[in-house]
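Commentary on secondary and tertiary structure
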Amino acid sequence: MTEPKRLFFAIELPGPVREQIITWRAAHFAPEDGRPLASANLHLTLAFLGEVSPDKQQALSQLAGRIRQPGFTLKLDDAGQWLRSRVVWLGMRQPPRGLLQLANMLRAQAARSGCYQSPQPFHPHITLLRDASHAVAIPPPGFCWSFPVTEFSLYASSFERGRTRYSALQRWTLAE
Ligand code: 2AM
């Protein structure tokens, strides 16, 4: 383990929620609207870390393991598009406090460990389409997917045979 890896902390979505999301996405967006993320890659990023050396990865993992906070419920009831970053996303009208606390803690730990963190506030979202360069009609959120979050994960992003793949390297449980 010597090469730096592109890492991020994220929340994994339950399989049935991912399936419902891709069904909804297929019903509401056309291929020219953007490049859909593979179902297995759908996630909610908590803190992006960039390229991280093995030593720094170990230090960040130790810090993450010290986080003690209860789980929370995520209710996906919002959708939108950011033209600047060319993404169509799903999100929450009112992100739960536990989500914001967890992300802020991981972002602060990352910043203290020397990973660049944007000064912009955390905007929790699940990217559905990339390269969405023209404005697309976002259907009214006639959906409401709710699920309990009981853990968070450290993910590695890799690019293999023309495909981006996100793989969970480590998981931590949020206390009851
Ligand atoms: P995105 O989905 O909004 O593009 C893996 O690339 C994850 O890290 C994605 O969720 C991506 O967010 C996020 N990410 C990638 N580069 C980032 C950056 N420079 N700042 C913040 N998040 C980033």
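Report on the accompanying structure. (Residues numbered from 1 in each chain as written. Predicted model: local features only at pLDDT ≥ 70, side-chain atom pairs only at ≥ 80, totals over all residues. Heavy atoms only, no water.)

Describing the sheet that holds strand 7 (residues 126-130)
Worth spelling out the cut-off: Two strands make a pair as long as DSSP finds a minimum of two bridges between them. The helix and strand labels rest on DSSP assignments: H or I over at least four residues marks a helix, E over at least two residues marks a strand, and numbering proceeds from the N terminus. We call two residues in contact whenever any of their non-hydrogen atoms come within 4.5 Å of each other. Helix axes are fitted to C-alpha atoms over the stretch in contact, other axes to C-alpha atoms as well, and angles between N-to-C directions run from 0 to 180 degrees.
With antiparallel pairing, the four strands of this open sheet are ordered in space as 2-7-6-5. The outermost strands of the open sheet, each flanked by one partner alone, are strand 2 (35-36) and strand 5 (78-82). Bridge count for strand 5 against strand 6 (residues 87-91) is five bridges, and the pairing is antiparallel. Across the sheet, aspartate 78 pairs through a bridge with glycine 91, a residue of strand 6. In the packing of helix 1 (residues 15-28) onto the sheet, the strands contacted are strand 2, strand 5, strand 6 and strand 7, and the crossing angle to strand 7 comes to about 35 degrees.

Describing the environment of serine 153
Worth spelling out the cut-off: Exposure classes here rest on a 1.4 Å probe applied to the protein chains alone. A residue is buried below 20% of its type maximum, exposed above 50%, and partly exposed in between.
The topology assignment puts serine 153 in strand 9 (residues 151-160). For serine 153, a relative accessible area of 1% corresponds to the buried category. With 97 residues separating them along the chain, serine 153 and lysine 56 place their C-alpha atoms 16 Å apart. Excluding residues that lie within four positions of it along the chain, serine 153 makes contacts with Phe8, Phe9, Ala10, Glu12, Ala168, Gln170, Arg171 and Trp172.

Observations concerning the site of the ligand
To keep it simple, the criterion reads: Note on definitions. A residue lies near a molecule or strand when any single heavy atom of the residue is within 4 Å of it. We define a polar contact as two N or O atoms separated by no more than 3.5 Å, with the added condition that, inside protein, one atom must be a possible hydrogen donor and the other a possible acceptor, whereas residues neighbouring each other in sequence contribute only through side-chain atom pairs.
For the ligand, the full set of nearby residues is Arg6, Phe8, His43, Thr45, Phe48, His125, Thr127, Arg130 and Tyr166. A distance of 2.6 Å separates an oxygen atom of the ligand from a polar side-chain atom of histidine 125. At a separation of 2.5 Å, an oxygen atom of the ligand approaches a polar side-chain atom of threonine 127. Secondary structure elements with two or more residues in the shell around the ligand: strand 1 (5-12), strand 3 (43-52) and strand 7.

Points about the packing of aromatic side chains
This is how it is decided: Centres within 6.5 Å make a pair out of two Phe, Tyr or Trp rings, where for Trp the six-membered ring is used; the pair is then stacked when the planes are under 30 degrees apart, edge-to-face when over 60, and tilted otherwise.
The final tally for this structure, using the stated rule, is eight aromatic pairs. With centroids separated by 5.8 Å and ring planes inclined at 55 degrees, the aromatic side chains of phenylalanine 9 and tryptophan 172 adopt a geometry described as tilted. Here tryptophan 172 lies in strand 10 (residues 163-173) and phenylalanine 9 lies in strand 1, a separation of 163 residues in the sequence. Take tryptophan 172: its relative accessible area is 11%, and that puts it in the buried class. Aromatic pair tryptophan 82 and tryptophan 89: ring centres 5.3 Å apart, planes at 35 degrees, arrangement tilted. For tryptophan 82, a relative accessible area of 29% corresponds to the partly exposed category. A relative accessible area of 12% means that tryptophan 89 is categorised as buried.

Some points on the sheet that holds strand 1
Within a sheet, adjacent strands bond to each other through the backbone by hydrogen bonds, running parallel or antiparallel. Strand order in the open sheet formed by four strands is 3-1-9-10, and the pairing between neighbours is antiparallel. In this open sheet, the two edge strands, each paired with only one partner strand, are strand 3 and strand 10. Here the average twist between neighbouring strands, direction ignored, is 25 degrees. Where strand 1 and strand 9 come together, five bridges link them in antiparallel fashion. If you follow leucine 7 over to strand 9, its bridge partner there is alanine 156. Helix 3 (residues 97-112) rests against strand 1, strand 3 and strand 9 of the sheet, and its axis sits at about 0 degrees to strand 3.

Remarks on the pattern of salt bridges
For clarity, the threshold we go by: We define a salt bridge as a side-chain nitrogen of Lys or Arg found within 4 Å of a carboxyl oxygen belonging to Asp or Glu.
A complete count under the given rule lists five salt bridges for this structure. Across the pair arginine 171 and glutamate 12 runs a salt bridge, and its minimum N-O distance is 3.0 Å. With a gap of 159 residues between them, arginine 171 in strand 10 and glutamate 12 in strand 1 connect regions that are remote in the sequence. Under the relative-accessibility criterion, arginine 171 is labelled partly exposed at 44%. Two residues, glutamate 151 and arginine 171, come together in a salt bridge whose shortest N-O distance is 3.5 Å. Residue glutamate 151 is found in strand 9, and its partner arginine 171 is found in strand 10; the two are separated by 20 residues along the sequence.

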